[in-house]
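Each chain, letter by letter, is given below.
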Amino acid sequence: MATSKRRRMFALGALALGAFGIGLTEFVVVGLLGPLGDDLDVSISTAGLLVTGYAASVAIGAPIMTAAGTRLPRKTMLIVLMSLFIAGNVLAAKAPDYGVLMTGRVVSALCHGAFMGIGPVMAAGLVAPERRSRAIALMMTGLTLSNVVGVPFGTALGQQLGWRAAFWGIAVIGAVSLAAIIAFVPSRPGDTGGSLRTEFAVFRRPQVWQVLTITMLGWGAAYAAITFLEPILTRVSGFDTGAVPWLLILFGVGLTGGNLLGGRLADRALMPTLYGTIAAATAALVVFALVAPYAVPAAIMVFVLGAAGFAMVPVFQTRVMDVAKEAPSLASSVNAAAFNVGIALSAWFGGLAIDGGFGLLAPVWIGVALGLTALAVAATTGAAERRTETPDLVAS
């Protein structure tokens, strides 16, 4: 029993390490745009497209890659995805010019959504049904820790040894994760998706699209503030730029704790936790907008924003797997794409609001509007399901 439990923990650790590398790949470029642009002789705005291109590739590639591997065993698919992830980062590390670097980023991104879709399904299958959200949260801890520890370390590594060193480091992390997945993640007979017709049939269900909409709106609400957190803290709250890394660490601690708490609460009562986490994230945005001009309350709310925002993640992932039981990997992958669409849209709307002269806190209020809309969609969905009395689609 102890050995079996230890092996499950090692398997969850392998999945979490893969999520850590993936999160690091997505965000580490942000801290390296200057040296990267100078070395490849491109402008900062052009270098910034490496972030945009990655997010767009995640959104497009998630369903395509998952559907392409639907007949493969899920463990085999994870091995393929992590191998491509390593190849993409090696290509980025060796890139002689901007075009090759972008190609490496796209290859890595194509694996991102599919891995973050299949990984939670595998994590949930490692434990008893009543502990699945906690298992998903443990896997997602790798993603949260990539923001807390990985991105600052990767940025420092890239600044000290050159931006290529950051990508080599990520490739090594990917290789360790690949070895751990091969060694510890169990293979299960028949652990594959269904036919493409069966997989895509779940998208005829209104509940699936409602969950994807909730994910996009809820996560967009959280990221409306997160995207512009640095200028808000320095120009509105009055913090020195040197304090920002410490505040971001505080934010990271909050999101790690919130992720684990959300998984625990979702295992007890999924739908109430869905409503509660969206409401908590929206309320946190309101309070942050009101106290942002005051340094100490703003710092406290940085922690709360992280906790409330990431508490939603395992809830959304569990919910989409419930309403798409016949195709959990594909639905979960598309849900990963919905997270990225939410990030892109909220950042775009927030930028438009700032450029329109509405101030740095305008994106936070946009986040409040998105959160209230997500809560309304969730409440409407829950009410409709209670009326039709379909207990197989209601997880409580």
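Computed from a prediction, not measured in an experiment: that's the story for all the values here.

### Re the nonpolar core
For soluble globular proteins, nonpolar side chains are generally found buried alongside one another.
And step 1. Membership of the largest hydrophobic core comes to 121 residues, with the highest contact counts inside it found for L101, F115, M116, W219 and F288.
And step 2. For this core, the element with the highest residue contribution is helix α5 (residues 98-125), accounting for 13 residues.
And step 3. Filtering out sequence-adjacent residues up to four positions away, W219 remains in contact with I214, G309, F310, M312, V313, F316, F339 and I343.

### Topic: helix α16 (residues 362-388)
An α-helical turn contains 3.6 residues, so any two residues separated by three or four positions project in the same direction.
And step 1. The terminal C-alpha atoms of α16, which comprises 27 residues, lie 40 Å apart, in line with the 39 Å expected from a rise of 1.5 Å per residue.
And step 2. Residues A362, P363, V364, G367, V368, L370, G371, A374, A378, T381, G382 and E385 constitute the buried set of α16.
And step 3. Along its buried surface, α16 packs onto α9 (206-226), α10 (229-236), α12 (270-291), α14 (312-323) and α15 (328-355).

### Examining α5
And step 1. With 28 residues, α5 should reach 40 Å at 1.5 Å per residue; the first-to-last C-alpha distance of 41 Å fits that figure.
And step 2. Roughly 25° is the biggest bend found in α5, and it falls at F115.
And step 3. Counting buried residues in α5 gives 21 out of 28 residues, a clear majority hidden from the surface.
And step 4. Between a side-chain oxygen at the N-terminus of α5 and the backbone nitrogen of G99 the separation is 3.2 Å; the capping residue is D97.

### A look at the pattern of salt bridges
And step 1. All chains considered together, the criterion is met by 3 salt bridges.
And step 2. One salt bridge in this structure joins D322 and R132, with 2.7 Å as the shortest N-O distance. Of this pair, D322 sits in helix α14 while R132 sits in helix α6 (residues 132-161), and the two are 190 residues apart along the sequence.
And step 3. Note on D322: relative accessible area 5%, which makes it buried.
And step 4. Measuring nitrogen to oxygen at the nearest pair gives 2.9 Å for the salt bridge that ties D267 to R134. With D267 in helix α11 (residues 244-268) and R134 in helix α6, this pair connects stretches of sequence that are 133 residues apart.

### Points about the environment of F85
And step 1. Residue position: F85 is located in helix α4 (residues 74-94).
And step 2. Note on F85: relative accessible area 1%, which makes it buried.
And step 3. Separated by 45 residues in sequence, F85 and E130 have C-alpha atoms that sit 32 Å apart.

### Observations concerning the packing of aromatic side chains
And step 1. Evaluation of the coordinates by the stated rule reveals 8 aromatic pairs.
And step 2. Considering the side-chain rings of F203 and W209, the 5.8 Å spacing of their centres and the 55° angle between planes classify their relative orientation as tilted.
And step 3. Since its relative accessible area comes to 13%, F203 is described here as buried.
And step 4. The exposure class assigned to W209 is partly exposed, which follows from its relative accessible area of 46%.
And step 5. With a centroid separation of 5.1 Å and 40° between ring planes, the pair formed by W348 and F349 is classed as tilted.
And step 6. By relative accessible area, which is 38% here, F349 ends up partly exposed.
And step 7. In this structure an aromatic cluster arises from ring pairing among W219, Y223, F310, F316 and F339.

### Side note on the confidence of the model for the protein chain
And step 1. Residues with a pLDDT of 70 or more make up 93% of the protein chain, whose mean pLDDT is 86.
And step 2. Within the protein chain, the element-level pLDDT minimum falls on helix α8 (residues 196-201), averaging 72, and the maximum on α12, averaging 96.
And step 3. Confidence drops under pLDDT 50 across residues 390-396; counting only partners more than four residues distant or on other chains, this segment forms 19 contacts.

### Observations concerning the environment of D267
And step 1. A relative accessible area of 16% places D267 in the buried class.
And step 2. Sequence separation of D267 and P129 is 138 residues, and the distance between their C-alpha atoms is 8.5 Å.
And step 3. Apart from residues lying up to four places away in sequence, D267 is in contact with P129, E130, R131, R132, S133 and R134.
And step 4. Among the polar contacts made by the side chain of D267, one reaches the main-chain amide nitrogen of S133 at a distance of 2.8 Å.

### Concerning the environment of V127
And step 1. Following the sequence through the fold, V127 ends up in the loop between α5 and α6.
And step 2. With relative accessibility at 25%, the residue V127 sits in the partly exposed group.

### Notes on the side chain of Q317
And step 1. By the secondary structure assignment, Q317 is in helix α14.
And step 2. The exposure class of Q317 is buried, given its relative accessible area of 0%.
And step 3. Filtering out sequence-adjacent residues up to four positions away, Q317 remains in contact with M116, P120, I136, M140, S332, N335, A336 and F339.

### Observations regarding the packing of α9 against α16
And step 1. Between α9 and α16, the shortest axis-to-axis distance is 7 Å and the interhelical angle comes to 160°. Taken together, the axes of α9 and α16 lie roughly antiparallel to each other. For the pair α9 and α16, the crossing hand works out as left-handed. From α9, Q207, Q210, I214, L217, G218, G220, A221, A224 and A225 reach across to α16, where they touch P363, V364, G367, L370, G371, T373, A374, V377, A378, T381 and E385.
And step 2. Its residues assigned to classes, the contact of α9 with α16 comprises 11 nonpolar, 8 polar and 1 charged.

### Some details on a positive patch on the surface
And step 1. On the surface, K5, R131, R264 and R268 cluster together into a positively charged patch.
And step 2. Looking at the element boundaries, R268 is found in helix α11.
And step 3. With relative accessibility at 63%, the residue R268 sits in the exposed group.

### Some thoughts on the side chain of T66
And step 1. Note on placement: T66 falls in helix α3 (residues 44-68).
And step 2. A residue is classified by how much of its surface remains accessible, and T66, at 4% relative accessible area, is buried.
And step 3. In this structure the side chain of T66 is engaged in a polar contact, spanning 2.8 Å, whose partner is the backbone oxygen of A62.
And step 4. Among the polar contacts listed, one links the side chain of T66 to the side chain of S333, at a separation of 2.6 Å.
And step 5. Not counting residues up to four positions away in its chain, the partners in contact with T66 are A114, S329, L330 and S333.

Rules and cut-offs
- Residues numbered from 1 in each chain as written.
- Predicted model: local features only at pLDDT ≥ 70, side-chain atom pairs only at ≥ 80, totals over all residues.
- Heavy atoms only, no water.
- Core = buried A, V, L, I, M, F, W, Y, C linked by side-chain atoms within 4.5 Å.
- Buried < 20%, exposed > 50% of the residue type's maximum accessible area, 1.4 Å probe, protein only.
- Helix = DSSP H or I, 4+ residues; strand = E, 2+ residues; numbered from the N terminus.
- Contact = heavy atoms within 4.5 Å.
- Expected span 1.5 Å × (residues − 1).
- Bend = angle between axes of the 7 residues up to and from the residue.
- Polar contact = N/O pair within 3.5 Å; in protein donor to acceptor, adjacent residues only side chain to side chain.
- Salt bridge = Lys/Arg side-chain N within 4 Å of Asp/Glu carboxyl O.
- Phe/Tyr/Trp six-rings, centres within 6.5 Å; stacked < 30°, edge-to-face > 60°.
- pLDDT = per-residue confidence, 0-100.
- Axes fitted to C-alpha atoms, helices over the stretch in contact; angles between N-to-C directions.
- Parallel < 35°, antiparallel > 145°, perpendicular 65-115°, else oblique.
- Left-handed = near helix turned anticlockwise from the far one by under 90°.
- Nonpolar A, V, L, I, M, F, W, Y, C, P; charged D, E, K, R; others polar.
- Patch = residues over 30% accessible without salt bridge, like charges linked within 9 Å, V, L, I, M, F, W, Y side chains within 5 Å.
- Areas by Shrake-Rupley, 256 points an atom, 1.4 Å probe, with all protein chains shown as cover.
- Lys, Arg positive; Asp, Glu negative; His and termini not counted.
- Charge placed at Lys NZ, Arg CZ, Asp CG, Glu CD.

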